[in-house]
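# Survey of secondary and tertiary structure
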Amino acid sequence: MVPAAHRGGRQGHQPVPPPVQPRLHQPRHRDAPDAKAALDWVETERANLLAAQQRAADSGWGELVYEFGEVLWNPLRPNYTASELVRSQFLGANAAADAGHILEIVCRTRQGFGETNLGHHEAAIAICTIAVQRATEVGDPWLESGALSTRARAHLKADDPHAARPDLERALEIAEEMNDARSVALRHRRLGENALHPKIADAKLAAHHLRLAASMFAGIGDHIGHARTTMHLARALPLNGQAAEALTALTAIEQSVRDYGSVGYLGDLYTVLGEVHAALGNTAEARHHFGQAIDYYTAAGPGADKGKATVLGLRDALDSDLAHPNA
């Protein structure tokens, strides 16, 4: 939970992303029976909610602007809404900075997350560095840990896992000191992802962190966190000779990813399923899943271009192996 407020010095504003043209309509409000229904409603009303935040910013209603940033964070996390996420969190960060509110740090961190999804790695690292500095200034370790982890994600997506590692290790230390189970699980998951990067390629270390994270997410009842972690664990297991275990784990979480994951996460799921089937010698199934992954990454937009390129390479390599089995 974010602390109520902090009065402090303001950082300079970031360059303004393109605005969302306000188009206000009466929202079709209804009570949501579950989380999926709530997300579906927000998806339907997304343009209206973004326009309302822009109108609030234009009218100088600062508190409402950063509160909209909070509301819109989860619905705008998918790759295909990255530009809208960056704009929304930019507005929220500047409004919170004007008010001296601690949500400035939260919004800066989330803006960095969105910049990473857009492939703007230098911008993401710069914005997250501002968030780390501000969190240190106000003495909030929870926000510092989150900003460090998000900056590490930017380093990792920029193919620099060695720069990501110290940020992740410090973020994990903070989370453990705070006894925050979910944050600890998240940091272990990121450390596992980092260890899988080709420039580090330590599958045993990756599996160690990812097993810890999966167990922790399951223990706190975070089914989505568990599913996301399992996808990464399933990439590590075949490298350790445990492809059958990976397939079993993926089968168990497939429906959760389909129900709650973005199209980008579905691309990740079917990429890993393809890799696992390939490791088991199931070439037809592997090629089918690679095709599904390509379709989902295409739908996810520019932020998924790297994932799409990776799976295209995997499919080409599979086809080459089939064409030249004795090469």
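First, a word on what this report is: a plain description of the structure on this page. This one's a predicted model, so the numbers in the text were calculated from it and none came from an experiment. (Residues numbered from 1 in each chain as written. Predicted model: local features only at pLDDT ≥ 70, side-chain atom pairs only at ≥ 80, totals over all residues. Heavy atoms only, no water.)

## Examining helix α12 (residues 243-260)
Given a rise of 1.5 Å per residue, 18 residues ought to cover 26 Å, and the 25 Å separating the end C-alpha atoms of α12 matches this to within 8%. Along α12, the largest kink reaches about 40° and is centred on Ile253. (Helix = DSSP H or I, 4+ residues; strand = E, 2+ residues; numbered from the N terminus. Expected span 1.5 Å × (residues − 1). Bend = angle between axes of the 7 residues up to and from the residue.)

## Brief notes about the side chain of Glu144
Note on placement: Glu144 falls in helix α7 (residues 141-157). One buried charged residue, Glu144, remains without a salt bridge, the closest side chain of opposite sign being Arg170 at 4.4 Å. Those residues in contact with Glu144, other than ones at most four positions away along the chain, are Ala135, Thr136, Arg170 and Ile174. (Buried < 20%, exposed > 50% of the residue type's maximum accessible area, 1.4 Å probe, protein only. Lys, Arg positive; Asp, Glu negative; His and termini not counted. Salt bridge = Lys/Arg side-chain N within 4 Å of Asp/Glu carboxyl O. Contact = heavy atoms within 4.5 Å.)

## A closer look at the pattern of salt bridges
Within the structure shown, the criterion is met by 15 salt bridges. Where Asp159 meets Lys306, a salt bridge forms, and the shortest distance between an N and an O atom there is 2.7 Å. Of this pair, Asp159 sits in the loop between α7 and α8 (161-178) while Lys306 sits in helix α15 (residues 305-323), and the two are 147 residues apart along the sequence. In this structure, Arg211 and Glu245 form a salt bridge, with 3.0 Å as the shortest nitrogen-oxygen distance. Taken as a pair, Arg211 in helix α10 (residues 203-219) and Glu245 in helix α12 lie far apart in primary sequence, 34 residues in all. Classification of Arg211 by relative accessible area gives partly exposed; the value is 37%. Accessibility expressed as a relative area gives 36% for Glu245, which makes it partly exposed. Among the ionic contacts, a cluster of salt bridges with common partners joins Glu104, Arg108, Arg134 and Glu137.

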